[in-house]
Amino acid sequence: MNVFLFGTGSWAKEILLSLIKFKNLNLFIISKKQHIFKWLSKNKIKNFKVVKNLPLNKRTIKSSVIIASKNKDHKLHTNLALKKKYKNIFIEKPLSNKINDLKFFSKKKNLFSSRIFAFDKIFNELKSKLNFKNIYKIKLVWHDQPSSKKREKKGRHDKSIPYSYDVFLHLM
């Protein structure tokens, strides 16, 4: 199976670190940026190819696309993957930083987005114990900082969307 990954930021790297555990995948990183080579070398990641463009899906090998690029590029990369005939496209949250783009995403098939806490034991236990009929307000306190350090790299929050919106998508 071929997996094409858009993005070279912290989430793309987290996804890549998970994907390299699967030996039956052909991993392709779509990037024109050179900094990714230093990171790949430092982390001793060898089972990959870096390509500058997403190739046409010839469907001789099952292929998927993962979009973990900048939020502002999600629609562009999704549209490109659809035009190149890819059927399974995973988009890292949020889908876009523009509310008007949601109409575009809602009309497409085989698009998937992340909900990283969907299988979290604590959240699911809490959900099972709540009586939602009596809840009219929920206050969440998130302990992540807008600027954090992930794997020795300073993470940056996309300031084009409110921080609370970015955090809330983890919990939905």
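Residues numbered from 1 in each chain as written. Predicted model: local features only at pLDDT ≥ 70, side-chain atom pairs only at ≥ 80, totals over all residues. Heavy atoms only, no water.

**Notes on the overall build of the protein**
Part 1 of the reasoning: Helix and strand counts for the protein stand at six helices and eight strands.
Part 2 of the reasoning: Expressed as a percentage of the 172 residues in the protein, the buried residues total 34%.
Part 3 of the reasoning: Working note: accessible area of the protein is about 12,400 Å², and carbon and sulfur atoms make up 56% of it. (Helix = DSSP H or I, 4+ residues; strand = E, 2+ residues; numbered from the N terminus. Buried < 20%, exposed > 50% of the residue type's maximum accessible area, 1.4 Å probe, protein only. Areas by Shrake-Rupley, 256 points an atom, 1.4 Å probe, with all protein chains shown as cover.)

**Here's the deal with the pattern of salt bridges**
Part 1 of the reasoning: Tallying each qualifying case throughout the model produces two salt bridges.
Part 2 of the reasoning: The shortest N-O distance in the salt bridge between Asp 73 and Lys 72 comes to 3.4 Å.
Part 3 of the reasoning: Measuring nitrogen to oxygen at the nearest pair gives 3.5 Å for the salt bridge that ties Lys 75 to Asp 101. One end of the pair, Lys 75, is in helix α3 (residues 74-83); the other, Asp 101, is in the loop between β5 (88-91) and α4 (102-106), with 26 residues separating them in the sequence. (Salt bridge = Lys/Arg side-chain N within 4 Å of Asp/Glu carboxyl O.)

**Side note on a nonpolar patch on the surface**
Part 1 of the reasoning: On the surface, Leu 126, Leu 130 and Phe 132 cluster together into a nonpolar patch covering about 280 Å² of accessible area.
Part 2 of the reasoning: In this structure, Leu 126 sits in helix α5 (residues 121-129). (Patch = residues over 30% accessible without salt bridge, like charges linked within 9 Å, V, L, I, M, F, W, Y side chains within 5 Å.)

**Here we look at the packing of aromatic side chains**
Part 1 of the reasoning: Applying the stated rule across the entire model yields three aromatic pairs.
Part 2 of the reasoning: For the pair Phe 4 and Phe 28, a centre-to-centre distance of 4.6 Å together with 15° between the ring planes defines the contact as stacked. Pair noted here: Phe 4 is in strand β1 (residues 2-6) and Phe 28 is in strand β2 (residues 26-30), with a separation of 24 residues, a long-range link. Each member of the pair, Phe 4 as well as Phe 28, carries the same accessibility label: buried.
Part 3 of the reasoning: On the basis of an interplanar angle of 70° and a centroid distance of 5.6 Å, the ring pair of Phe 4 and Tyr 86 is categorised as edge-to-face. Taken as a pair, Phe 4 in strand β1 and Tyr 86 in the loop between α3 and β5 lie far apart in primary sequence, 82 residues in all. (Phe/Tyr/Trp six-rings, centres within 6.5 Å; stacked < 30°, edge-to-face > 60°.)

**Regarding the sheet that holds β1**
Part 1 of the reasoning: The six strands are arranged β3-β2-β1-β4-β5-β6 in an open sheet whose pairing can be described as parallel. Where the open sheet ends on each side, the last strands, each with one partner, are β3 (49-51) and β6 (111-113). The mean inter-strand angle of the sheet, taken between neighbouring strand axes irrespective of direction, is 25°.
Part 2 of the reasoning: Relative to β5, strand β4 (residues 63-67) runs parallel, the two being bridged by four bridges. The partner of Ile 67 across the bridge, within β5, is Ile 91.
Part 3 of the reasoning: Against the sheet, helix α1 (residues 10-19) touches β1, β2, β4 and β5, its axis set at about 165° to β1.
Part 4 of the reasoning: Of the strands in this sheet, β1, β4, β5 and β6 are in contact with α3, which crosses β5 at around 175°. (Pairing = 2+ DSSP bridges. Axes fitted to C-alpha atoms, helices over the stretch in contact; angles between N-to-C directions. Contact = heavy atoms within 4.5 Å.)

Don't take any of this as a statement about function, it's just geometry.
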